[in-house]
Amino acid sequence: DDNGDGAYGLNTRIGYLPWAGPSNYEDAVVVSDSYAKRMTSSHAYQHQLAVDKTTKRGKAAFLGAFAGKFDKPVLATVGDDGVVKKGTVVKNGDPLVLAIREKPVTGKVHKRNTPPLADASLVWEYDDPGVVTDVAESKDGPVVVVETLRPMKVGDKVAGRYGDKGIVSKVLPDGQMPYDKEGRALEMLVS
């Protein structure tokens, strides 16, 4: 506006200046660590395991084929049906649904008593931990909903009220950000 105030929300302290070469060139934006934490957003992810006649679900079936894949504390969060329990906090690599699937036979066939098995489990593949908020059974298989809180990161988009936008190129510690005339660290640097 006429006073030089931008409408970025949350009373953000913004500096219009070039910073560290291309760090905030054109639509690149540099933000402070404290601002990135204030801009934490909530995300919900729905995962579903498609079950067919070659798929077996359940903790016992999975452990029979892949006994050492997960630690005991992680396996304690999974029910006998192979589905993670509601309220569980999952970290990257933790199972949501334990399942095995018969591998298709290709090439020469050797007589075996049991078909070769593959791990068909669903796992939490995000860096931020999440909380299992809902577990349901559909006609195609189990559905698990996980909610997570994610702070602003490099690559996220920011937009102002008037259509101005940018992509976060760096998240800097507050001590590395320039200061305003009152000695407060700026939270966003745009050019």
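Report on the accompanying structure.

About the cut-offs
- Residues numbered from 1 in each chain as written.
- Predicted model: local features only at pLDDT ≥ 70, side-chain atom pairs only at ≥ 80, totals over all residues.
- Heavy atoms only, no water.
- Salt bridge = Lys/Arg side-chain N within 4 Å of Asp/Glu carboxyl O.
- Helix = DSSP H or I, 4+ residues; strand = E, 2+ residues; numbered from the N terminus.
- Buried < 20%, exposed > 50% of the residue type's maximum accessible area, 1.4 Å probe, protein only.
- Phe/Tyr/Trp six-rings, centres within 6.5 Å; stacked < 30°, edge-to-face > 60°.
- Pairing = 2+ DSSP bridges.

### Some remarks on the pattern of salt bridges
By the definition in use, this model includes nine salt bridges. Notably, a salt bridge pairs D119 with K69, separated by 2.4 Å at the nearest N-O pair. A residue pair is termed long-range when its members are at least 10 positions apart, and D119 in strand β8 (residues 117-119) and K69 in the loop between α2 (59-65) and α3 (72-75) qualify at 50 residues. For D119, a relative accessible area of 29% gives the class partly exposed. Of the charged contacts, one joins E182 and R184 as a salt bridge, the two residues approaching to 3.3 Å between their closest N and O atoms.

### Description of the packing of aromatic side chains
Counted according to the given criterion, the structure contains five aromatic pairs. Every member of this aromatic cluster is reached through a ring pair, and the members are Y45, W124 and Y126.

### Digging into the sheet that holds strand β11 (residues 142-150)
Taken in spatial order, the four strands of this open sheet run β3-β11-β10-β5, and their pairing is antiparallel. Two strands close off the open sheet at either side, each with one partner strand: β3 (41-48) and β5 (89-90). Note: β5 against strand β10 (residues 130-137), two bridges, orientation antiparallel. When the bridges of β10 are listed, V90 appears paired with G130.

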